[in-house]
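Commentary on secondary and tertiary structure
So you can see what is in the structure, the chains are spelled out below.
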Amino acid sequence: MALRPSRVLRTGAVLGLAAVLLGLTGVSVVGTTRTRASANTAIAATTLAEAYELADDAVALEEVAEQRYRLEPGEQALALHRGASGALEVALRDVEARGTAADRDVAAEVRELQVIYLGAMDRLFAAVDRGDTASAADIDDEVVDPAAERIGGLVHGAATVSAQEAAEAMRDLHRIEGVVFTATTATFGVGLALLVVFAFVAGGYQRRLLRHAAEHEYHASHDGLTGLPNRTLFTEHTTDALREAGPDGRGLAVLLLDLDRFKEVNDTLGHQYGDELLRQVAARTTGALRAGDVIARLSGDEFAVLLPGASAADAAGLAARLQSELHRSFALDDVAVDVEVSIGIAVAPEHATDTDALLRCADIAMYTAKDSKTGATLYRPNMHTEDGNRLLLLGDLRRALDVTDQLTLHYQPKIRLDDGRLSGAEALVRWSHPTRGPIPPAEFIPVAETTGLITRLTLYVLRLAVAQARAWLDDGLVVPIAVNLSPRCLLDPDLVGHVTRLLHEHELPADLLRLEVTETAVMANPALATETLTALHRLGVRLSIDDYGTGYSSMAYLKSLPVDELKVDRTFVMHMDDDPEDAVLVRGAIELGHNLGMTVVAEGVEGAAHVTALQELGCDIAQGYHYARPMPPEDLTTWFRTSGATAVLSG
Ligand code: C2E
Ligand code: CA
Ligand code: CA
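Residues numbered from 1 in each chain as written. Chains lettered and ligands numbered in written order. Predicted model: local features only at pLDDT ≥ 70, side-chain atom pairs only at ≥ 80, totals over all residues. Heavy atoms only, no water.

All right, on to helix H16 (residues 526-539) then. With 14 residues, H16 should cover 20 Å at 1.5 Å per step; its first-to-last C-alpha distance of 20 Å lies within 8% of that length. Among the residues making up H16, those that are buried are Pro526, Ala529, Thr530, Thr532, Leu533, Ala535 and Leu536. Following H16 by one or two positions, Gly540 adopts a phi angle in the positive range, close to 110°. (Helix = DSSP H or I, 4+ residues; strand = E, 2+ residues; numbered from the N terminus. Expected span 1.5 Å × (residues − 1). Buried < 20%, exposed > 50% of the residue type's maximum accessible area, 1.4 Å probe, protein only.)

What follows is about unusual backbone geometry. Note that the residue after Ala348, namely Pro349, is joined by a cis bond; omega there is 5°. Position of Pro349 relative to the elements: it lies in the loop between strand E6 (341-348) and helix H9 (355-372). Its identity as a non-glycine residue notwithstanding, Asp547 has a phi of 55°, on the positive side. Along the chain, Asp547 falls in strand E13 (residues 542-548). Here Asp547 falls in the partly exposed class, since its relative accessible area comes to 22%.

Around the calcium ion (ligand 2), the donor atoms from the protein are Glu426 (OE), Asn484 (OD1), Glu516 (OE) and Asp546 (OD), and they sit 2.1 to 2.3 Å away. Of note, the calcium ion (ligand 2) draws all its donor residues from one chain, in the sequence arrangement E-x57-N-x31-E-x29-D. Here the calcium ion (ligand 2) and the calcium ion (ligand 3) are spaced 3.8 Å apart, linked through Asp546, which binds each one. In this pair, Asn484 sits in strand E11 (residues 481-484) while Asp546 sits in strand E13, placing the two residues 62 residues apart along the sequence. Given a relative accessible area of 27%, Asn484 falls into the partly exposed group. (Donors = N, O, S within 2.8 Å, 3.2 Å for Na, K, Ca; no water.)

What follows deals with the packing of helix H5 (residues 231-245) against H9. At a closest axis distance of 9 Å, the pairing of H5 and H9 adopts a crossing angle of 110°. Taken together, the axis directions place H5 and H9 in an arrangement best described as roughly perpendicular. Read as a crossing pair, H5 and H9 show a hand that is right-handed. Between H5 and H9, the residues in contact are Phe234, Thr235, Thr238, Thr239 and Leu242 and Thr355, Leu358 and Leu359, respectively. Tallied by class, residues from the contact of H5 with H9 come to 4 nonpolar, 4 polar and no charged. (Axes fitted to C-alpha atoms, helices over the stretch in contact; angles between N-to-C directions. Parallel < 35°, antiparallel > 145°, perpendicular 65-115°, else oblique. Left-handed = near helix turned anticlockwise from the far one by under 90°. Contact = heavy atoms within 4.5 Å. Nonpolar A, V, L, I, M, F, W, Y, C, P; charged D, E, K, R; others polar.)

Coordination of the calcium ion (ligand 3) by the protein comes from Asp546 (OD), Asp547 (OD), Glu603 (OE) and Glu603 (OE), over a distance range of 2.1 to 2.5 Å. Counting residues between consecutive donors of the calcium ion (ligand 3) along the chain gives the motif D-D-x55-E. In this structure Asp546 comes out as buried when scored by relative accessible area, which is 6%.

What follows covers the sheet that holds strand E3 (residues 302-308). Ordered by their spatial adjacency, 5 strands build an open sheet running E2-E3-E1-E6-E7, and the pairing between neighbours is mixed. This sheet does not close on itself; its edge strands, each paired only once, are strand E2 (294-299) and strand E7 (376-378). Here the strands of the sheet are splayed against their neighbours by 20° on average, with no regard to which way each runs. Examined bridge by bridge, E2 and E3 share 5 bridges and lie antiparallel to one another. Paired with Ile295 across the two strands is Val305, which belongs to E3. H5 rests against strand E1 (252-259), E2, E3 and E6 of the sheet, and its axis sits at about 20° to E3. With respect to the sheet, helix H8 (residues 312-326) is in contact with E1, E3, E6 and E7, its orientation differing from that of E6 by roughly 165°. (Pairing = 2+ DSSP bridges.)

Moving on, we come to the confidence of the model for the protein. Here the protein shows a mean pLDDT of 88. Residues at 70 or above account for 95%. Every residue in residues 647-651 is under pLDDT 50, and counting partners more than four places away or in other chains gives 11 contacts. (pLDDT = per-residue confidence, 0-100.)

Near ligand 1 you find 21 residues, and of these Gln412, Arg430, Arg570, Glu606 and Tyr625 are the closest. In this structure, Gln412 approaches ligand 1 through a side-chain N or O atom, which is 2.9 Å from a nitrogen atom. Side-chain polar atom of Ser486 to a nitrogen atom of ligand 1: 3.0 Å apart, as the coordinates give it. When ligand 1 is considered free in solution it has 790 Å² of accessible area, and contact with the protein chains removes 86% of it. Taken together, the elements giving at least two residues each to the shell around ligand 1 come down to strand E9 (422-433), helix H11 (441-449), E13 and helix H18 (570-574). Split into classes, the residues belonging to the shell around ligand 1 amount to 9 nonpolar, 5 polar and 7 charged. (Near = heavy atom within 4 Å. Polar contact = N/O pair within 3.5 Å; in protein donor to acceptor, adjacent residues only side chain to side chain. Areas by Shrake-Rupley, 256 points an atom, 1.4 Å probe, with all protein chains shown as cover.)

Next up on the list: the environment of Asp103. Among the structural elements, Asp103 can be located in helix H3 (residues 101-130). C-alpha of Asp103 to C-alpha of Ala310: the two residues are 207 residues apart in sequence and 107 Å apart in space.

Okay, the pairing of strand E14 (residues 565-568) next. Burial along E14 is two-sided: Glu565 and Lys567 and Leu566 and Val568, pointing in opposite directions, are all buried. Looking at chain direction, E13 and E14 are connected through 3 bridges and run parallel. The partner of Ser544 across the bridge, within E14, is Glu565. Bridging between E14 and strand E15 (residues 599-602) involves 4 bridges; their strand directions are parallel. Along E15, the bridge assignment pairs Val568 with Ala602.

Once the domains are mapped, the protein shows domain 1 (13-221), domain 2 (231-385) and domain 3 (401-642). Each of domain 1 and domain 2 was reduced to a C-alpha centroid, and the two centroids are 96 Å apart. (Domains from an automatic or database assignment.)

The next thing to look at is the side chain of Asp363. Among the secondary structure elements, Asp363 is positioned in helix H9. Setting aside residues up to four positions removed in sequence, Asp363 forms contacts with Leu256, Glu302, Leu392 and Arg399.

What follows concerns the environment of Ala102. Relative to the helices and strands, Ala102 is located in helix H3. Exposure remark for Ala102: the relative accessible area of 46% places this residue in the partly exposed category. Along the backbone, Ala102 and Ala158 are 56 residues apart, and their C-alpha atoms lie at a distance of 9.8 Å.

This is the structure we're talking about:
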């Protein structure tokens, strides 16, 4: 993941900060201890130096007192001398207390000399008192002066040394203080730098997280192809706008746009063209909007526009502008493509006051527009009836065709009545609606048949069925598959081309595909139907007449069609044992089929009694719940392997 480098940096910064904190603590502890020790040394050195100095002063004062006594003897000079010797003694004690062993040696030596000196001084004072100046001078020269000189020298020398030591200790103290200060400042600086790095990295990490979150949110709420908001974001915007509009606000309008021929562009020119077309539609639509309007791509070729504060008239005006914008040809590379657009309009609060209901109204209006080819239609409450449901179903079916998981095929086996073997399987479409659950084909096929949607549905079913037949073939199972063709498909000029392509694409032998059509479908346009059926037959595809007996048919046509199978409708087969009329019809159908050289299939075979009756009538093939219900292909594979019906497969 891209976050890794910054995680490393982050860890580094945290560790660094911890190291700096530890360093700071260390420096401060060591610094304090060293500083205190050094300060103690300095203080001791200084006081010792002071003591020596006092001693030095006292010695000098003794000299002064002696001189004074000799000039004017008296109590005063004597007292001065006694005071000086006392002070010397005090200073010596101080030196002994504060100094080292060497200092104590010095003090002891001074004290010894002092004893000699004081003895000589007593004698000198006595000689002065007697007026014997000659003796006094002798004593002075011989004893007092040398002793005083030595004492002075000793004390002064020690005082000088001690003063030097004190100065040295002070210098030491200053140096250590300097080192501690530098170390503290440096560590603090490193910490500060790390803090900046940390803040930077953390900031970057946070920015990246925010950017990731923003990107994620963008992807979750926007369409990757056009960059427009998607359905989720559009719903949010609409809900917000409805809330802002309030109960008596100005209201808003929602337009739902659906391209009418997009699928064709996608199928014939390819997805790249389809994508480009969608981008250009998005751009043109966006260009026609005001600031504050919201456009979104809801799905495939469906766009929505939200017009806050707009009335129905405003919306209709925009719809007209959009139509003229979108009806200009689109230049896709070298191809000019024309599309039509159907627009449904719904406004709040008139049509609905919540987002879902409003979008449903716009949806119904859009399908009405599509159905009636009117271009743009404003929702009317009476659309929300039977017709509305039909249109909603159509819309949902269109969306189901765009995804892969809603429409699937079930297969029902067809069994040969003479030997019980498999003759093939009929593919029957199943729709699992995301909110309504399973919807039976009888409910949505007829609705799809009222619009062109049935063609898309048929192609969808054909593709799945052909792929399945191929898969079974690859599995060693030869299963001819029948697909139902709606009347409209029979009139579709592209049908033969589509079938050809599909068979080719899946390399499926054409005789493994069977198409079922009803009499009614053929009779709707006999000439065109015959043309299509003949072309299919030429491909090698097998053909059946489905639901025989329910429509009116003309023998003449049945005869001329290249059809090789007749399927008798289940309503007759189901009642052939208790309704004589149905029994007659089944018997007649079997005879007719055989006369025309066709195989006859009985549908809706639900019980063993039917099987016996049909066998007696010479019916060829049976299909019904008695054998198996329509089931997913995987289940049918298992059924093949366990029922014994596939022992021999006939094509
Ligand atoms: P159908 O073509 O006549 O298909 C046979 C229908 O009879 C199926 O109903 C099947 O489930 C049902 N059926 C089979 N055996 C029995 C039985 O023993 N008793 C009874 N009561 N019913 C049985 P399903 O699948 O509901 O399909 C209904 C109709 O919808 C089909 O009638 C067909 O007309 C149409 N349909 C189904 N799938 C497609 C499709 O892919 N394309 C088109 N165009 N139409 C389809
Ligand atoms: Ca059928
Ligand atoms: Ca049928």
